[in-house]
There are 2 protein chains.
Amino acid sequence: MATLEYFFDFTSPYSYLASTQVEAVAARAGATVRWRPFVLGGVFKATGNRSPIETPAKGRHMLVDLDRWARRYGVPLVFPATFPIPSVLALRCALAAGAQGRLVPFSQAVFRAAWAERRDIASAEVLAELGARVGLDGEALVAAAPAQKEALARQTGEAVERGAFGAPALFVGEELFVGNDRLDFAEAALRQSAAAAR
Amino acid sequence: MATLEYFFDFTSPYSYLASTQVEAVAARAGATVRWRPFVLGGVFKATGNRSPIETPAKGRHMLVDLDRWARRYGVPLVFPATFPIPSVLALRCALAAGAQGRLVPFSQAVFRAAWAERRDIASAEVLAELGARVGLDGEALVAAAPAQKEALARQTGEAVERGAFGAPALFVGEELFVGNDRLDFAEAALRQSAAAAR
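Now for a description of the structure that goes with this document. Bear in mind that the values here come from a model prediction, so they are computed numbers and not experimental data. (Residues numbered from 1 in each chain as written. Chains lettered and ligands numbered in written order. Predicted model: local features only at pLDDT ≥ 70, side-chain atom pairs only at ≥ 80, totals over all residues. Heavy atoms only, no water.)

### Considerations on helix α9 (residues 149-161) of chain B
All names here are of chain B. With 13 residues, α9 should cover 18 Å at 1.5 Å per step; its first-to-last C-alpha distance of 19 Å lies within 8% of that length. Listed as buried for α9 are Leu-152, Gln-155, Thr-156 and Ala-159. Along α9, the residues classed as buried sweep out an arc of 100 degrees about the axis, all on the same side. Exposed and oriented more than 90 degrees from the buried face of α9 are Glu-150, Ala-153, Arg-154 and Glu-161. Considering only its buried residues, α9 is in contact with β1 (3-8), β2 (32-37), α3 (40-47), α5 (88-98) and β3 (169-172). (Helix = DSSP H or I, 4+ residues; strand = E, 2+ residues; numbered from the N terminus. Expected span 1.5 Å × (residues − 1). Buried < 20%, exposed > 50% of the residue type's maximum accessible area, 1.4 Å probe, protein only. Arc of directions from axis to C-beta. Contact = heavy atoms within 4.5 Å.)

### Re helix α4 (residues 56-73) of chain B
In this model α4(B) runs 26 Å from its N-terminal to its C-terminal C-alpha over 18 residues, within 8% of the 26 Å that 1.5 Å per residue would give. Those residues of α4(B) that sit buried are Ala57(B), Gly59(B), His61(B), Met62(B), Asp65(B), Leu66(B), Arg68(B), Trp69(B) and Ala70(B). Buried positions along α4(B) lie against α3 (40-47), β4 (175-178) and α10 (183-197) of chain A together with α1 (13-19) of chain B. With its phi angle positive at about 70 degrees, Gly74(B) sits one or two positions after the end of α4(B).

### Quick look at the nonpolar core
The biggest cluster of nonpolar side chains holds 116 residues, and the ones touching the most others in it are Phe106(A) and Phe106(B). Non-local contacts of Phe106(A), meaning those with residues more than four positions away in its chain, are made with Ala90(A), Cys93(A), Ala94(A), Ala97(A), Leu127(A), Leu130(A), Gly131(A), Val134(A) and Leu141(A). (Core = buried A, V, L, I, M, F, W, Y, C linked by side-chain atoms within 4.5 Å.)

### Points about the relation of the copies chain B and chain A
The two copies are related by a screw operation: chain B maps onto chain A through 180 degrees of rotation and 0.0 Å of translation along the axis, at an RMSD of 0.0 Å. What the superposition gives is, in effect, a two-fold axis relating one chain to the other. For chain B, the smallest separation between a C-alpha atom and the rotation axis is recorded for Asp181(B), amounting to 3.8 Å. Most of the interface of chain B is mirrored in chain A, where 96% of its interface residues again form contacts. (Least-squares fit on C-alpha atoms with pLDDT ≥ 70 in both.)

### Quick notes on the sheet that holds strand β4 (residues 175-178) of chain B
Residue and element names in this part refer to chain B. Pairing is mixed across the open sheet formed by 4 strands, whose spatial order is β2-β1-β3-β4. Single-partner strands in this sheet number two, and they are β2 and β4. Across the sheet, the axes of successive neighbouring strands diverge by a mean angle of 20 degrees, strand direction being ignored. Bridge analysis of β1 against β3 gives 3 bridges, and the strand direction is antiparallel. By the bridge assignment for β3, Phe-7 is matched with Ala-169. Together, β1 and β2 form the strand contacts of helix α6 (residues 103-115), whose direction differs from that of β2 by roughly 60 degrees. (Pairing = 2+ DSSP bridges. Axes fitted to C-alpha atoms, helices over the stretch in contact; angles between N-to-C directions.)

### Some details on the packing of aromatic side chains
Across all of its chains, the model carries 30 aromatic pairs over all chains by this definition. Aromatic side chains Phe79(B) and Trp115(B) sit 5.3 Å apart centroid to centroid with 75 degrees between the ring planes, which places their arrangement in the edge-to-face category. Remark: Trp115(B) occurs in helix α6 and Phe79(B) occurs in the loop between α4 and α5; sequence separation between them is 36 residues. Clustering of aromatic rings is evident, with ring pairs tying together Tyr6(A), Phe8(A), Phe10(A), Tyr16(A), Trp35(A), Phe79(A), Phe83(A), Phe111(A) and Trp115(A). The ring of Trp69(A) is capped by Arg72(A), whose NZ or CZ atom sits 4.9 Å from the centre of that ring. One residue, Arg72(B), lies across the ring of Phe185(A), its end atom 3.8 Å from the ring centre. (Phe/Tyr/Trp six-rings, centres within 6.5 Å; stacked < 30°, edge-to-face > 60°. Lys NZ or Arg CZ within 6 Å of the ring centre and 35° of its normal.)

### Examining the environment of Glu139(B)
Tracing the chain through its elements places Glu139(B) in helix α8 (residues 138-144). On the accessibility criterion, Glu139(B) (69% relative accessible area) is exposed.

### Things to note about the sheet that holds strand β3 (residues 169-172) of chain A
All names here are of chain A. With respect to topology, 4 strands assemble into an open sheet ordered β2-β1-β3-β4, the strand pairing being mixed. Of all strands in the sheet, those with a lone pairing partner are β2 (32-37) and β4, marking the two edges. On average, adjacent strands in this sheet sit at an angle of 20 degrees to one another, irrespective of strand direction. Relative to β4, β3 is paired through 4 bridges, and the arrangement is antiparallel.

### Thoughts on the interface of chain B and chain A
Residue-level contacts link 24 residues of chain B with 23 residues of chain A. In total, about 2200 Å² of surface goes out of reach between chain B and chain A, with carbon and sulfur atoms giving 49% of it. The largest per-residue losses of area from chain B upon contact with chain A belong to Arg68(B), Arg182(B) and Phe185(B), which jointly make up 27% of the total buried on that side. There are 8 salt bridges connecting chain B and chain A. For Arg182(A), the salt bridge identified is with Asp181(B), shortest N-O distance 2.9 Å. Linking chain B with chain A are 14 residue pairs in polar contact (both at pLDDT 80 or more), by the criterion used here. (Buried area = accessible area lost by both parts, 1.4 Å probe. Salt bridge = Lys/Arg side-chain N within 4 Å of Asp/Glu carboxyl O. Polar contact = N/O pair within 3.5 Å; in protein donor to acceptor, adjacent residues only side chain to side chain.)

Have a look at this one:
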């Protein structure tokens with residue numbers, strides 16, 4: 001079965017937008033999604049890339065652009081009080097949730113909390129609550145996060161080595177697609193990859 | 001009638017891609033296109049933005065991305081020998097062609113020469129030839145270019161003031177859309193604007 005690898009960081013609004021679509025995209029193409037948390041700040045540092053908000057005109061326009069995408073997808077999007085979001089603890093929690101088979105629902109809950117509910121996902125209390133919401137022991141989840149430090153760093157390094165420079169970074173095999181706005185190209189690649197495997 | 005303002009620079013491959021689509025996009029929405037040359041280097045300088053190629057991983061990925069778009073549109077795209085292209089003379093010639101009512105065919109000829117025929121559009125001889133190709137006195141066109149210096153700078157400044165930070169910059173009224181990959185949003189805005197005017 002073809003796989004859509006979806007590298008994301010909770011601080012990235014375009015990753016949030018993609019999170020609302022990837023499962024449907026993959027399903028349409030008869031493929032599955034592999035959700036892979038990574039640290040966008042680490043990607044920027046390794047590649048020399050930088051956030052759109054570092055260019056004021058680009059940052060202003062991004063707000064308008066995000067709103068257009070949210071309306072197209074029919075999903076809520078509220079800009080967080082703090083941006084960039086200090087998301088490393090949440091990302092480590094996501095990997096810890098993954099160790100219990102709950103990576104996807106937990107990640108979706110964190111994305112919604114950050115980008116639709118305006119919750120502070122840098123807070124251990126909020127993360128514990130979100131863990132509980134998807135059936136995990138929330139406090140144990142947060143306690144398990146530090147042990148995921150190296151796994152998260154490894155995953156980030158892997159994405160960079162494979163060519164990622166921003167988020168979301170989507171892979172179909174070694175074909176890279178960057179941004180929710182390239183999901184249509186990724187879907188075509190998934191179909192092709194599925195057809196080739198038949 | 002609704003208008004799609006299309007700010008472009010010949011050095012910008014995404015402007016080239018847009019140049020192959022804007023007329024059809026506007027026609028579908030019952031709108032017209034206003035072609036507006038501007039200097040992308042000036043936009044970068046004024047806004048602090050920078051070319052994707054200044055981030056190596058982004059530059060490498062851009063080549064793949066451009067190829068995907070060219071295939072989707074069914075248009076040729078060959079990367080030029082020199083990039084960025086020193087395009088200021090060509091942009092001034094485009095304004096001079098505009099003074100004779102030939103802005104669009106001349107600009108399309110320059111885009112094709114740069115991005116499909118791998119010609120050197122920094123060359124006065126090539127520009128004269130392209131002018132002649134669209135029915136102008138080519139040498140007179142190149143001779144008229146320097147007089148367009150200030151008009152080109154003014155147009156660049158105007159785009160920046162209205163929020164542009166990259167190319168192509170598309171406006172429907174004061175709504176800004178950046179990139180050929182936002183033409184679908186621009187088309188929706190054109191339809192809305194046309195409907196509101198009825």
